[in-house]
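Structure assessment
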Amino acid sequence: MTCLFQTSRNWGRILSIFMILALLAFVACIPEPTPSQAPFGDLDPTTVLWYAQPADKWENALPVGNGRLGAMVFGKTDEERIQFNEETYWSGGPYSQTVEEGYKALPEIQQLIFAGEYQKAHKLFGRYLMGYPVEQMKYQSFGDVVLKFATAGEVTEYSHRLDLKRALVTTSYHQNGIHFTREVLVTPVDQVIVVRLTADRPGQISCVVNLRGYRNQAHSNYATDYFRMDGYGQDGLMLRGKSADYLGVEGNLHYLGQLRAVPEGGRMRRDETDLIIQEADAVTLFIAAATNFVNYQDVSGDAQSRVETVFTALGKKDYNQIKQEHIQAHQQLFSRVSLDLGTTPLSYAPTDERREKFDGKNDPNLAALCFQFGRYMLISSSRPGTQPATLQGIWNKDMNPSWDSKYTTNINTEMNYWPAEVGNLSECALPLFQMIRELTDQGSDVAQEHYGAQGWVFHQNTDIWRVTAPMDGPDWGAFTAGGAWLCTHLWEHYLYTGDKDFLREFYPILKGCVEFFLDFLVEHPEYGWLVTNPSTSPENFPDWPGNDTFYDEVCGWMSPGTTICAGSTIDTQLLHDLFGYVVEAAGILDVDREFRQEVLGVRERLAPMQIGKNGDLQEWLEDWGQKEKSHRHISHLYGLFPGNQISLRRTPDLAEGCCVVLEQRGLEGNGWASAWKMACWARLQNPEKAMDNFQYYIHHYTYDSLYAICSRALQVDGLFGISAAVAEMLVQSHENELYLLPALPDAWRSGEVKGIKARGGFELDVTWEKSRLSYADIRSLLGKTCRLRVINSVKITTEGQSVPVVTTPDGLIAFETESGRTYTVEPHNTI
């Protein structure tokens, strides 16, 4: 018995050994992590973009920025390129497009338009009301930092990632048994681009560093830009240059970029314009850049002094201190909002794989990543004291970028700032507000000289020099409501913040915009309504009889027709909002009582919105079709989003007309068009249609980097618009109420958002499960009455105490709040 027991015990031990050996063999056969598995354990699918290979082109490089400086990081292992920009490096210098006494031709142009002679009016507009020069200045690329690495050999365990929480690009890989790590950041604290190179063994960092400039190769036969590449001491490189003359405008900007290398261990020497670093333990590169730009009228600054000031202030700070201060400054803005829509295995895959495999439902947090990427990009391209974000933010590699990488204000610039307030980034909109203030300068001249009007006017484009006259051609330049659209952002800022000092400061600008239109509006001879004339519905050619192709002498091309008309729907919608906002602002400030009455009287005479024969909301006064089937602009849907004149409850017929338009336009367009349609479907509380547009956007209008695409060009507007659209699906506050989860798609059945803002001065945390509200915390920042729209019965408490509520006739729950207190909304327990 004892022997049998011992034998059994021995066999048990033998069996155990075999099991262990089998397990070890099985583990040894498990493959290395595939590209669809994150090579690090701290991956947050809502705030990290990562890739298993370097960027194959500039559009897929990863962006970093501090509002003034921007850089694109490729993540190469043999020859790294970090392309960078400084926000004030543009072509030209201070100039004006204003044409004196253009207003003398205005009556004839208006008469021709009312008579239906649109192409004749187009020609006269081109001759007498277009700005000169017809085009504007270009945002420029500043330079490249190029690093040639001495190490060769197979690269394994590669990872290239952008951490949105820390505003940090990290590239890491193994080569020849050594683990290399590269970090790139642009600090808002120290105003430098920082590149940090490390290895897990001493003496392994060897590279050649070069600082290169850009010149306009396409215009090299006559361009007047230039640059010089020089060394600077034994540890630095310098890039100096001048902006190009363009369109007869002298290039008055002088710029300076300077790189300083700080190796730890090893050797460094300079050979002309190369820094040669050998066998260092680690290396830190600091890049500073500046121009002589002071403001749109003044270029008397000193670029060299500015760069020297940056390096002096930087002192001998070590990299860890710089990095930590940078992260802290970034998180003061970014960490205000978090969003979780649900994680799946696909959520941990490389971002390009997530994009490729996304089917609308299999990776809910891809929408959360896009939402946060938009917030990150706004922080990185638009901070207090900087220029506003251009079509490409602050990132641009070209000397002749698409649409000059400037400010297009018939949708794009406005969309850039849609997520600012709701995304809890109000400060990031301050550069836009400063630009609006600056536009009133030449805007006043253009109002007087082009239209014989008081106040100020701004059209569809501007640049860093804040010109305001019509540009490009009559088909685009006849949009006189660009300034009105920008002014709606001033009012929105007040609605979110309740800042009366801000409202008082900008009220004269709002009033000046209204004063222009009080002079500019004319009575339509047939309908009796007050209309803008000339007008245009941005970039869309109406299909009225006889709007045929003709040769446009302004643009020098065969135009498909003309867009010029009287009283486009978007013009009327914008003026309806602008007039109402100014009247309300004047009442809050207790000023201009007679002016208020005048403005209200004029608003009553504006043309109404109309439903066409096909059931669609009309884009023009007449029930015209459009020459392009699925036009990218949905300008007449401004009244639905971002405006609030059209509502499912208040104006159901107009809302249905918007549905018809959206169905007709379909999914095609470009990045920003998808974002706009997604937001409109959210307003119409159709979440699945919104998601259809998001899915189409991901597959057709984004790069692997998640940058948005517009006609094959990289732009940021679509990305910002998607951020706003995601927010609109979760919380709506445009109808003087809080509506929680108004457009929740089936794919987002459970989730949580924290820190999102609402009009009226509320900050919200909302959690839901199985598509039903679990709870919401509403922080009152202004102490206003909270009006809440909910589907199911809820209870309201604050600090454990029940809050008295009133049910309003329109089905809302209303309760009073105190500033600084949090109110919890929970469903009543049901059996």
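The paragraphs below set out a description of the structure included in this document. (Residues numbered from 1 in each chain as written. Predicted model: local features only at pLDDT ≥ 70, side-chain atom pairs only at ≥ 80, totals over all residues. Heavy atoms only, no water.)

Here we take up the state of the cysteines. Taken as a whole and assessed by the stated rule, the structure comprises zero disulfides. As a non-bridged cysteine, cysteine 680 has cysteine 658 as the owner of its nearest cysteine sulfur, 6.9 Å distant. Taking relative accessible area as the criterion, cysteine 680 reaches 0% and is therefore assigned buried. (Disulfide = S-S within 2.5 Å. Buried < 20%, exposed > 50% of the residue type's maximum accessible area, 1.4 Å probe, protein only.)

Another aspect to go through is the packing of aromatic side chains. Aromatic rings considered in pairs are described by the distance between their centres and by the relative angle of their planes. Inspection of the entire model under this criterion finds 36 aromatic pairs. With centroids separated by 5.2 Å and ring planes inclined at 55 degrees, the aromatic side chains of phenylalanine 433 and phenylalanine 502 adopt a geometry described as tilted. On the criterion of sequence distance, the pair formed by phenylalanine 433 in helix 10 (residues 430–451) and phenylalanine 502 in helix 13 (residues 500–520) is long-range, its members being 69 residues apart. Ring-pair connections join several aromatic residues into one group, and the members of that group are Trp418, Trp485, Tyr638, Phe641 and Trp676. Directly above the ring of phenylalanine 595 sits lysine 511, whose terminal nitrogen or CZ lies 5.0 Å from the centroid. (Phe/Tyr/Trp six-rings, centres within 6.5 Å; stacked < 30°, edge-to-face > 60°. Helix = DSSP H or I, 4+ residues; strand = E, 2+ residues; numbered from the N terminus. Lys NZ or Arg CZ within 6 Å of the ring centre and 35° of its normal.)

Turning our attention to the environment of alanine 814. With respect to the helices and strands, alanine 814 occurs in strand 37 (residues 813–815). Sequence separation of alanine 814 and arginine 789 is 25 residues, and the distance between their C-alpha atoms is 8.9 Å. Excluding residues within four positions of it along the chain, alanine 814 makes contact with Thr785, Cys786, Arg787, Pro804, Val805, Val806 and Thr808. (Contact = heavy atoms within 4.5 Å.)

As a further point, take the side chain of serine 91. Its place among the elements puts serine 91 in the loop between strand 4 (79–86) and helix 2 (106–114). Those residues in contact with serine 91, other than ones at most four positions away along the chain, are Met137, Lys138, Gln140, Ser243, Ala244, Tyr246 and Trp465.

Moving on to the packing of helix 13 against helix 15 (residues 593–604). As a packed pair, helix 13 and helix 15 sit with axes 12 Å apart at the nearest point and diverge in direction by 45 degrees. The orientation of helix 13 with respect to helix 15, classified from their angle, is oblique. Remark: the crossing between helix 13 and helix 15 carries left-handed chirality. On the side of helix 13, the interface is formed by Tyr507, Lys511, Val514, Glu515 and Leu518, while helix 15 contributes Phe595, Glu598, Val599 and Val602. Along the lines of polarity and charge, the residues of the contact of helix 13 with helix 15 split into six nonpolar, no polar and three charged. (Axes fitted to C-alpha atoms, helices over the stretch in contact; angles between N-to-C directions. Parallel < 35°, antiparallel > 145°, perpendicular 65-115°, else oblique. Left-handed = near helix turned anticlockwise from the far one by under 90°. Nonpolar A, V, L, I, M, F, W, Y, C, P; charged D, E, K, R; others polar.)

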